[in-house]
Every structure is written in C-alpha cells, then in structure tokens.
Amino acid sequence: MATFNLKINGKTQTVDVDPNTPLLWVLRDHLKLVGTKYGCGIAQCGSCTVHLSGIAVRSCMLTVSTVGNQEVTTIEGLSENGDHPVQKAWMEVDVPQCGYCQAGQIMTAAAFLENNPDPSDSEIEMAMNGNICRCGTYVRIKKAIKLAANS
C-alpha cells in the first residue's frame, strides 16, 4: 500500500491504496464518488470517463500512481449545482434513457467543448465515438452537445 494525496474536484483527498489500483476504484470505493461508472474495464465504453487536468480519460485503466499532482474532475465536480452548460443541455434535450453511460458521455462532451466550442456534426461524432450508449441515445447526445456549444 501507498499513500496518495489526490486533487479531486478541487479538494485534496488522501487515500492509502495499492499503486496499481485503477483510479475508478479509488473514486468509487475509497472516496464514495459513485457518479463515475464501471462499464467494461478495458477503456472501450467511456462510462468511467473523468477529466485529468481537463482532458477526458478513462479511469478504469488509469492507475492511481500515474495521477500525480494533476487535477481530477468527476461528474460530481463538473459543476456545483448541475448547471454546467452540457448538463443543462442534457436535461433540456432529455438525453438519458437508462442513464448508466451518461456521466461518461457528459464528461467527454464537456472536455471536447472546452477545446472546440463550435464543433461540426462530424467533429462531435468523432469526439464521442468511443462512448457507448446501450440505449442508443446518440441523436439526442449530438443535439445536446450542439445546444451546449451554442449556449
């Protein structure tokens, strides 16, 4: 075991875990930040997406020892009151069906829009390509991203 001081959602959190523990399990099991979901465990579905220094990453394959001093933002830390433009657009468009993948979808979309505030349809499709929605809400996801970009 090793002690890590992690910057999570603007606060320093101390955890004592094996250095090879995926960040996903540190967030969920040790810090009780359960908005980040386990989907596939091989970084292919996007349910576990968080921001690492503003970049969307898959927390299921990122070991806690590789985080270092970088800021981690989870869905809980994206906005204090759920009023991030992407979250607001998600609600306005009524994107979620089952909702399981939506935290990862939102985190991917938020990081994407931070770097590309006026994306084309093809840029949205490319950016969101690695996020799987088993309910097939892709049309609503794209519509919400366009709405958030225009807000």
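Residues numbered from 1 in each chain as written. Predicted model: local features only at pLDDT ≥ 70, side-chain atom pairs only at ≥ 80, totals over all residues. Heavy atoms only, no water.

Participant: Help me get a handle on the packing of helix α5 (residues 121–128) against helix α6 (residues 138–149), residues and values and all.
Facilitator: For the pair α5 and α6, the least separation of the axes is 10 Å and the interaxial angle reads 115°. Once α5 is placed against α6, the crossing between them reads as right-handed. Two secondary-structure elements touch here, α5 through Asp-121, Ile-124, Glu-125 and Met-128 and α6 through Ile-141, Lys-142, Ile-145 and Lys-146. By residue class, the composition of the contact of α5 with α6 is four nonpolar, no polar and four charged. (Axes fitted to C-alpha atoms, helices over the stretch in contact; angles between N-to-C directions. Helix = DSSP H or I, 4+ residues; strand = E, 2+ residues; numbered from the N terminus. Left-handed = near helix turned anticlockwise from the far one by under 90°. Contact = heavy atoms within 4.5 Å. Nonpolar A, V, L, I, M, F, W, Y, C, P; charged D, E, K, R; others polar.)

Participant: Residues and numbers for the packing of helix α4 (residues 102–115) against α5, please.
Facilitator: At a minimum axis separation of 10 Å, α4 and α5 run at an interaxial angle of 130°. Considering their axes alone, α4 and α5 lie oblique with respect to each other. The hand of the α4/α5 crossing is right-handed. The residues of α5 that touch α4, namely those facing Gln-105, Thr-108, Ala-109 and Phe-112, are Glu-123, Ile-124, Ala-127 and Met-128. Split into classes, the residues belonging to the contact of α4 with α5 amount to five nonpolar, two polar and one charged. (Parallel < 35°, antiparallel > 145°, perpendicular 65-115°, else oblique.)

Participant: Describe the pattern of salt bridges, listing the residues and the values that go with them.
Facilitator: Enumeration over the complete set of coordinates arrives at two salt bridges. Among the salt bridges present, the one from Asp-121 reaches Lys-146, with a minimum N-O distance of 2.8 Å. With a gap of 25 residues between them, Asp-121 in helix α5 and Lys-146 in helix α6 connect regions that are remote in the sequence. Here Lys-142 and Glu-125 are joined by a salt bridge, their closest N and O atoms 2.5 Å apart. Within this pair, whereas Lys-142 is found in helix α6, its partner Glu-125 is found in helix α5, the two being separated by 17 residues in sequence. (Salt bridge = Lys/Arg side-chain N within 4 Å of Asp/Glu carboxyl O.)

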